[in-house]
Amino acid sequence: MVRANGAVSLRELARVVQTSEVTVRRDVRALEAEGLLDRRHGGAVLPGGFTRESGFPQKSHLATAEKTAIADLAASLVEEGEAIVVGAGTTTQELARRLARVPGLTVVTNSLLVAQALAHANRVEVVMTGGTLRGSNYGLVGSGAEQSLQGLRVSRAFLSGAGLTAERGLSTSNMLSASVDRALVQAASEVVVLADHTKLGADTMFQTVPTDLITHLVTDEPPAGDERAATELQALADRGVQLAVAPGCPGEPAAPLPAPRRPHPLRPPPVPRLADLRPR
């Protein structure tokens, strides 16, 4: 199953082999020791950094509580009347569900899941890119998507991906998705990356956002013993990325959002928000 999908949840493994998640977790640990796969919170992936992209059904069942906490925290960055772009992904889908409550918001997206989450939000305007549909993540990609983003300018881009390292930044396993994500970044004055702790330290084939263009990272508290994630968080902070860390357990206060840093010289300056998106 891991070879076929690139990643799989412990719950799905337990269902297929008709055993308990406790047993599956023990077996996964043994397979990891043999170098046959890598464990992730709530599941397992192919070994090595350059893993194959998982499909939506697999990704939607991984780190669900963490994605919810990340989406709650990321939504606090969005202001009334703002214009933003939101990329494809299960974490950005969770964010979109919370954005439905922000009045006067304009959301540009290449994700059918994001658009669906906002479809009935009366006070939110949704603008979709063109492009070719990728069934694995319900995102629009290709030249149609990229051309529709040319000349666009918004305040922030909210993106997720398959891996995040301080050395290389955000990356994904699909070339077409990476190309559209780069176009989304070019349209924004700030870049906010949403990545749960299982993505920290993982490196996949195609870079989407180099570290020096990431303004904020919204993530969750790594579990005790996850030294790779903790080390990567510190390295990202050392590179100037502002960290917003959601609580690791119920009742724990969320880490405060850092004050904005000075714009990076390669990042476009702030521009008007809503007016630029509407025809005159």
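Residues numbered from 1 in each chain as written. Predicted model: local features only at pLDDT ≥ 70, side-chain atom pairs only at ≥ 80, totals over all residues. Heavy atoms only, no water.

1. Here's the deal with the pairing of strand E6 (residues 124-128)
For clarity, the cut-off: At least two bridges found by DSSP between two strands is the condition for calling them paired. Strands are runs of DSSP state E lasting at least 2 residues, helices are runs of H or I lasting at least 4, and numbering of each runs from the N terminus. Here a crossover is taken to be right-handed if, once the strands point away from the viewer, the path from the first strand over the helix to the second is traced clockwise.
Note: strand E5 (residues 105-109) against E6, five bridges, orientation parallel. Residue pairing in the sheet places valine 108 in a bridge with valine 127 of E6. A crossover links E5 with its parallel partner E6, the connecting element being helix H7 (residues 112-118), and its sense is right-handed.

2. With respect to the pattern of salt bridges
Quick reminder of the rule: Any Lys or Arg side-chain nitrogen located within 4 Å of an Asp or Glu carboxyl oxygen qualifies as a salt bridge. Under the scheme applied here, a residue whose accessible area is under 20% of the maximum for its type counts as buried, over 50% as exposed, and between as partly exposed, the area being computed with a 1.4 Å probe on protein chains only.
Scanning all chains against the criterion turns up seven salt bridges. The residue glutamate 82 makes a salt bridge to arginine 156 at a minimum N-O spacing of 2.4 Å. Of this pair, glutamate 82 sits in the loop between helix H5 (64-75) and strand E4 (83-86) while arginine 156 is found in strand E9 (residues 154-159), placing the two residues 74 residues apart along the sequence. Assessed through its relative accessible area of 0%, glutamate 82 is described here as buried. Judged by relative accessible area, arginine 156 falls into the buried class, the value being 13%.

3. Here we look at the nonpolar core
Note the following rule: Working definition of a nonpolar core: buried Ala, Val, Leu, Ile, Met, Phe, Trp, Tyr and Cys residues. They are joined through side-chain atoms within 4.5 Å. Note on contacts: a residue pair is in contact if any heavy atoms of the two residues lie within 4.5 Å.
Leu164, Val193, Val209 and Leu217 are the most contacted members of the largest nonpolar core, which has 33 residues in total. The set of elements that each furnish at least two residues to this core consists of E4, E9, helix H9 (175-186), strand E12 (188-194), helix H10 (227-238) and strand E15 (242-246). Considering each element in turn, this core owes the most residues, four residues, to H9. If we ignore the near neighbours within four places in the chain, the residues touching leucine 164 are Gly169, Leu170, Val193, Ala195, Lys199, Leu200, Gly201, Ala202, Ile214, Leu217, Glu232 and Leu236. Among the nonpolar cores identified, the runner-up in size contains 25 residues, and Val86, Val102, Val114 and Val124 belong to it.

4. Some remarks on the confidence of the model for the protein chain
Quick note on the threshold: pLDDT measures how confident the predictor is about each residue, on a scale from 0 to 100.
Per-residue confidence for the protein chain gives a mean pLDDT of 81, with 73% of residues at or over 70. Every residue in residues 56-61 is under pLDDT 50, and counting partners more than four places away or in other chains gives 15 contacts. Ignoring residues within four places in sequence, the model shows residues 249-280, a span with pLDDT below 50, making 65 contacts including any to other chains.

5. As for helix H6 (residues 90-99)
Where burial is concerned, most of H6 is hidden: nine out of the ten residues are buried. Looking at H6, one finds that the buried residues are Thr90, Thr91, Thr92, Gln93, Glu94, Leu95, Ala96, Arg98 and Leu99.

6. A word on the sheet that holds strand E13 (residues 206-209)
What counts, and what does not: Axis lines are fitted through C-alpha atoms, for helices just across the contact stretch, and the angle between N-to-C directions can take any value from 0 to 180 degrees.
The strand order across the open sheet formed by three strands is E10-E11-E13, and the pairing between neighbours is antiparallel. Two strands close off the open sheet at either side, each with one partner strand: strand E10 (163-165) and E13. Strand-to-strand, the axes of this sheet are offset by a mean angle of 35°, without reference to chain direction. Bridging between strand E11 (residues 169-172) and E13 involves three bridges; their strand directions are antiparallel. The residue of E13 that forms the bridge with threonine 172 is phenylalanine 206.

7. Quick notes on the sheet that holds E6
The seven strands lie next to each other as E6-E5-E4-E9-E12-E14-E15, forming an open sheet whose pairing is parallel. Among the strands making up the open sheet, the edge pair consists of E6 and E15. Adjacent strand axes in the sheet meet at a mean angle of 20°, parallel and antiparallel pairs treated alike. As paired strands, E9 and E12 are joined by five bridges and run parallel to one another. Note that in E12 the partner of valine 154 across the bridge is alanine 188. Of the strands in this sheet, E9, E12, strand E14 (216-220) and E15 are in contact with H5, which crosses E14 at around 145°.

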